[in-house]
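# Inside the fold
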Amino acid sequence: MPSQHVLVLNCGSSSFKFAIIAASTGHEVLSGLAERLGDAAPSLKYKFSGTKTVVELPPHAEHKAAILKLVDLITELKLGDDLVAVGHRVVHGGEAFTQSILVDGDVLAAIQQTSALAPLHNPANLLGIDVATSAFKHLPQIAVFDTAFHQTMPEHAYLYALPYEMYQKHGIRRYGFHGTSHYYVSEQTHQILGLDKNNSKIVTAHLGNGCSVTAIRNGRSVDTSMGLTPLEGLVMGTRSGDIDPGLFAYLSDQLGYSSKDIDTLLNKQSGLLGISALSNDCRTIEEAAANGHKQAQLALEMFCFRLAKYIASFAVSLGGLDALVFTGGIGENSDLIRQRVIEQLAFFGMTCDHDKNQAARFGHQGIISTNDSNVIALVVPTNEEWVIAKDAARIAKETK
């Protein structure tokens, strides 16, 4: 029986990631990135059979040209025959989608309606679906939503204390993001620790350029740090996270900022980049902090403090805490940040094991708390692409 492979696409505004994944095992047959789309020198980078290759695209080539080049590459490498579906990451599904779904006209219209809530993401996701539908006419297109996993949150957790009609008429509420990642690592954590899925309390921390924390009780999301948009919550690479909403009026009335200026400030110029005035890359900031750079040190302190506060508060959402899981680029690789956060959570009876923490880097999972800790801390590398591939293969099979 031939393997069921899924082409996974994650389209951004000027780039897209792609992978062909064996749905049953998670093995990546092909993976890569098309970047600088629309610029003077776009390119498509891919890895196949252990070899990395860079293909230069025509100047100012955009998504359609890049995806068509990917189609040519798939044909050239003879990978098309085993494809059963194309799985698309879609950032915002609003309340319309509680699970992954086969794309049709109604689904496209619903995704379009939520684009105002994710203007940097959903239009690019829709573009990817459109181009892939034309390029792979014989394959079902499956949408997998970042927000779907969080649709189990109770009303008291997802509502803002605004007039209720703002939710009723306009859908203004907390939606949460990184759902595929939080789902994947929580499932892995249940297996690794042998937790009873009917009686478990887990906090997952997805830490990358975008960061979010989720409280997961009995395998279901009950609270999360991101909100209506991916801006709310933790300090992130370039995003501010939580701020006083009164700042908007101050920036507008006193400093003359337009709404676009404010959006750019909070989404692209803040976070680790804004505080450090160096970089949004945690590795650069950690190195500078070690060399005595005061603002880099402050950026790390703020990042860890906000993260520890959220984790502690989510113990209230859960009514206790069994395990704390770190994942994402920073969560999987920064032993320094993990150690600092665990130290601030010592009142939970959790202690970081230095040697285990050092060992759990560069794709290695493992428990990083001491054996006598009341709460287990561990690192679980995320695999959002595999979640997308499994959902896409399942739905493709069900709709045959």
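This is a predicted model, so every value here is computed, not measured. (Residues numbered from 1 in each chain as written. Predicted model: local features only at pLDDT ≥ 70, side-chain atom pairs only at ≥ 80, totals over all residues. Heavy atoms only, no water.)

This next bit is on the overall build of the protein. Across its full length, the protein carries 15 helices and 14 strands. What you see for the protein is a C-alpha radius of gyration of 21 Å, in line with the 21 Å of a compact globule of 400 residues. Dimensions of the protein along its principal axes, counting C-alpha atoms only, are 55 × 55 × 50 Å. The 400 residues of the protein split such that 52% are buried. Taking contacts inside the protein between residues at least 6 apart in sequence as the whole, the part at least 24 apart equals 62%. In the form shown here, the protein has an accessible surface area of approximately 18400 Å², with 51% of it arising from carbon and sulfur atoms. Separation between the mean location of the 32 positive side-chain charges and that of the 40 negative ones in the protein comes to 2 Å. (Helix = DSSP H or I, 4+ residues; strand = E, 2+ residues; numbered from the N terminus. Rg over C-alpha atoms; globule rule 2.2 N^0.38 Å. Buried < 20%, exposed > 50% of the residue type's maximum accessible area, 1.4 Å probe, protein only. Contact = heavy atoms within 4.5 Å. Areas by Shrake-Rupley, 256 points an atom, 1.4 Å probe, with all protein chains shown as cover. Lys, Arg positive; Asp, Glu negative; His and termini not counted. Charge placed at Lys NZ, Arg CZ, Asp CG, Glu CD.)

Once that is clear, we can look at the nonpolar core. Within the largest apolar cluster, 47 residues are counted, with the highest numbers of intra-cluster contacts made by Leu207, Phe303, Leu307, Phe326 and Val341. For this core, the elements supplying multiple residues, two or more each, are strand S9 (201–207), strand S10 (211–217), helix H10 (282–290), helix H11 (294–318), strand S12 (323–327), helix H13 (335–344) and strand S14 (376–379). In terms of residue count, the dominant contributor to this core is H11 (twelve residues). Leu7, Phe18, Ile20 and Ala34 belong to the second-largest nonpolar core, a separate cluster that totals 28 residues. (Core = buried A, V, L, I, M, F, W, Y, C linked by side-chain atoms within 4.5 Å.)

Spatially, S5-S4-S3-S2-S1-S6-S8-S7 is the arrangement adopted by the eight strands of the open sheet, whose pairing is mixed. Since the sheet does not close on itself, it has two edges, and those belong to strand S5 (51–56) and strand S7 (101–102), each with one partner. Sheet topology note: the strand S3 (residues 28–35)/strand S4 (residues 43–48) ladder contains six bridges and is antiparallel. Its bridge partner lying in S4, Gly32 is registered against Tyr46. Along the sheet, helix H15 (residues 384–398) makes contact with strand S1 (5–11), strand S2 (16–22), strand S6 (83–90), S7 and strand S8 (141–145), crossing S6 at roughly 125°. (Pairing = 2+ DSSP bridges. Axes fitted to C-alpha atoms, helices over the stretch in contact; angles between N-to-C directions.)

Further remarks concern unusual backbone geometry. Despite not being glycine, Asn218 shows a phi value in the positive range, around 55°. Within the element layout of this structure, Asn218 appears in the loop between S10 and strand S11 (220–224). Given a relative accessible area of 28%, Asn218 falls into the partly exposed group. Residue Ala277 is not a glycine yet carries a positive backbone phi of 60°. Along the chain, the position of Ala277 falls in the loop between helix H9 (271–276) and H10. The class for Ala277 is exposed, based on a relative accessible area of 55%.

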